Amino acid sequence: MTSLLTATGLGKRYRRTWALKDCSLSIPAGRVVALVGPNGAGKTTLLHLVVGLLTPTAGTVSAFGETGGTAATLARVAFLAQDKPLYDGFTVADMLRFGRHLNPRWDQELGERRLAELEIPLDRKVGKLSGGQQAQVALTVALAKQPDLLVLDEPLANLDPLARHEVMRGLMAAVAETGMTVVLSSHVVSDLENTCDWLVVLNRGRVQVSGDIEELLAEHRLLTGPAELADGVAARVSTVDDSRTDRQATLLARTGAAALSLDPKWTVRGVGLEELVLAYLRRPEAASLPRPVLARA
Amino acid sequence: MVWLTWRQHRVQVLVVVGFLLVAGGLLLAHGMRTAGLADAFAAGTDGRKAVLGKQFGQVSTLLIWTAALPALVGLFWGTPLLAREYERGTHRLAWTQTVSRRGWLGVKLVGLGATVTLAGLAFGAIMGLWAGEFAELRSSAGLANLDLFVVTGVAPAAWWLFAFALGTVAGALTRALLPAMAVTLVVFFTVYVGMFTSQARLHYATPVRVEDAAPVVRGEPWSINTPPGAEARLPVGALMVAAGWVDRDGVALAGGAEWTCAEQENDYLKCMRDNGYRWFAEYQPADRYWLFQWTEAGLLFAAAVALGGIAWFRVTRD
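Note that the structure is a prediction, hence the values are computed from the model and not measured.

Caption draft 1: Seen up close, the overall build of chain B. Along the backbone of chain B there are eleven helices and three strands. Relative to its 318 residues, chain B shows a buried fraction of 36%. Put simply, 78% of the contacts in chain B that link residues at least 6 apart link residues at least 24 apart.

Caption draft 2: Expanded view of the overall build of chain A. Within chain A, the secondary structure is distributed over nine helices and 14 strands. Expected size for 297 residues packed as a compact globule is a radius of gyration near 19 Å; at 21 Å, chain A falls within 12% of this value. On the principal axes, the C-alpha backbone points of chain A span a range of 70 × 45 × 35 Å. Evaluated residue by residue, chain A yields a buried proportion of 43% over its 297 residues. Sequence-distant contacts, at least 24 apart, represent 69% of the contacts inside chain A between residues at least 6 apart.

Caption draft 3: Seen up close, the pairing of strand β3 (residues 278–284) of chain B. All names here are of chain B. Relative to β3, strand β1 (residues 208–211) runs antiparallel, the two sharing four bridges. Bridging across to β3, R209 finds its partner in E282. Here seven bridges tie strand β2 (residues 239–246) to β3, and the two strands are oriented antiparallel to one another. Its bridge partner lying in β3, A243 is registered against A281.

Caption draft 4: Up close: the domain arrangement of chain B. If you check the domain split of chain B, you get domain 1 (2–203 + 289–317) and domain 2 (208–287). Its residues placed into classes, the side of domain 1 of chain B that touches domain 2 of chain B shows five nonpolar, one polar and one charged.

Caption draft 5: Examining the sheet that holds strand β2 (residues 17–28) of chain A more closely. Residue and element names in this part refer to chain A. Here we have four strands laid out as an open sheet, ordered β2-β1-β4-β5, and antiparallel in their pairing. Each of the sheet's edge strands pairs with one partner strand only, and the pair in question is β2 and β5 (66–67). Here strand β4 (residues 58–63) runs beside β5; their pairing, made up of two bridges, is antiparallel. Bridging from a neighbouring strand, S62 pairs with T67 of β5.

Caption draft 6: View of the sheet that holds β1 of chain B. All names here are of chain B. Read from one edge to the other, the open sheet built from three strands follows the order β1-β3-β2, with strand pairing classed as antiparallel. The sheet is open, and its two edges are formed by β1 and β2, each paired on a single side. Ignoring which end each strand starts from, the neighbouring axes of this sheet average 20° apart.

Caption draft 7: Examining unusual backbone geometry more closely. Residue and element names in this part refer to chain A. Here K84, not a glycine, exhibits a phi torsion of approximately 45°, which is positive. Looking at where K84 falls in the secondary structure, it is placed in the loop between β6 (77–80) and α3 (92–102). Its identity is not glycine, yet E154 carries a phi of approximately 50°, on the positive side. Relative to the elements of secondary structure, E154 occurs in the loop between β7 (149–153) and α6 (161–178). Judged by the 22 C-beta atoms lying within 10 Å of it, E154 is buried.

Caption draft 8: Region of interest: the interface of chain A and chain B. In this assembly, 20 residues from chain A lie in contact with 16 residues from chain B. Looking at the side of chain A that touches chain B, the elements with two or more residues in it are α2 (71–74) and α3 of chain A. When residues in the side of chain A that touches chain B are grouped by element, the largest group, five residues, is from α3 of chain A. Split by residue class, the side of chain A that touches chain B holds 14 nonpolar, three polar and three charged.

Procedures and definitions
- Residues numbered from 1 in each chain as written.
- Chains lettered and ligands numbered in written order.
- Predicted model: local features only at pLDDT ≥ 70, side-chain atom pairs only at ≥ 80, totals over all residues.
- Helix = DSSP H or I, 4+ residues; strand = E, 2+ residues; numbered from the N terminus.
- Buried ≥ 20, exposed ≤ 12 C-beta atoms within 10 Å, placed from the backbone.
- Contact = placed C-beta atoms within 7 Å.
- Rg over C-alpha atoms; globule rule 2.2 N^0.38 Å.
- Pairing = 2+ DSSP bridges.
- Domains from an automatic or database assignment.
- Nonpolar A, V, L, I, M, F, W, Y, C, P; charged D, E, K, R; others polar.
- Axes fitted to C-alpha atoms, helices over the stretch in contact; angles between N-to-C directions.

Here is the structure:
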């Protein structure tokens, strides 16, 4: 498993507050990574560090083995910032020209074909397009750069449901075609459920979860049973979230893939992605990170 | 990058080119008309001077407004360069392309800075050609007229470049267009007006000093520090720095001492001389025009480079 994106002890401080602290991550190539977390968790800061818009206060971040933000990485990374900034006064054709002049790897034909398929007129001013069309133009500029890593900050925010679907479909088609790695942030987990295969949960500036989504779902169980037995069960499993009423306890636990032998009064079922994320976000002290592995020399 | 710079700033470039063409055309017409009118009189005659003076007055009252030109350059070339990118968030688009942030900023600063400087040089040349028609006039020759000094020669280019750098820095620091424009306007006019009120230009070089022998020209308005004919005694095109009286020991007269002769209105100068006082004047001769032009340009260029450095640091730091 080769790591495409690596962060080690990464931190960013604005004046006195740490927007991101002690963040260590390793993301394999070819993944579609969902970066989730509440507003203010540090998602945007992390993405800006990856693409070099910010320089770290502590630690390092690297893509393709090169420090983030250097010329060598910028040639291979495309970034779609929050609010999908474009030059309002430019025509759509100007935006393609912008990409062509600033990127040697630019694929003009890909850009033109994609816009034609979306029926976005090249001579229209960007400011006159609908929100969904602007998102598509911004995504086209990012894709025509032919990146190996595509970083998207809240790509679906401010879009209507139809546009969300269209943008996501376009993105997934491009991923299927090129095999590039994608990192996208969102605070709406349901947007990402069917498209992403790697999950990173960021909460209060720290990484809580980083792992393959299928494995994460397989490792976690929701246990429901009588409250008086809950302490005994909680002691045996690694509990993420624990909510109890007078009579009943519900534990979301990291049980591992192995089967559990519990009192028959307990019911055990699998968890959904949204349940899992919410359980971690409610308990910022819980963490599910890959167990330490020997670093390759 | 060059295409992008042109695409984003072409309106400003075209407006300035248009302005230079219009201003150049109008001043050329005015200069030719002046030459035609003045040629009816022989050189050095009062009639010729009267015509030149009248023609000069038609335009010179507008000179004060040329202060707005570098301010406009600062507002419309300088501030949008960074402030508009930050404000719209497009810096996140521009600075994540393969062209590095340094490359982006370098091309913009150097490309636009050079364009502004060239346009300022063209404006200075146009104004200089026009002002040349009036070189015979005491009020417009050489260094005599500082309002003219700042719009001729290389000074306007330096002021335009300075204002451009100032606007750029204001945008880098405020990251919003309107505050950046406000800062640019306030700082620019503080510096521009300050250069006049502080009289800093009088001291670009050690002045030439003359003493005594002020001719008496009766009937002219005069004050005690500037005896009659004092200005006229200076060479044409000279810039007056200081004037006054010194006693036998060469010590400048303290306030009030000159009143010993104040009541002798008609024989004031004779009285002063009889008492051993000598009149002196310090001035900058007209042939220092280019020395002063390059001094002013050098100072402003250094300031512009320093401001550009601040913008560079601010943009490339985080």
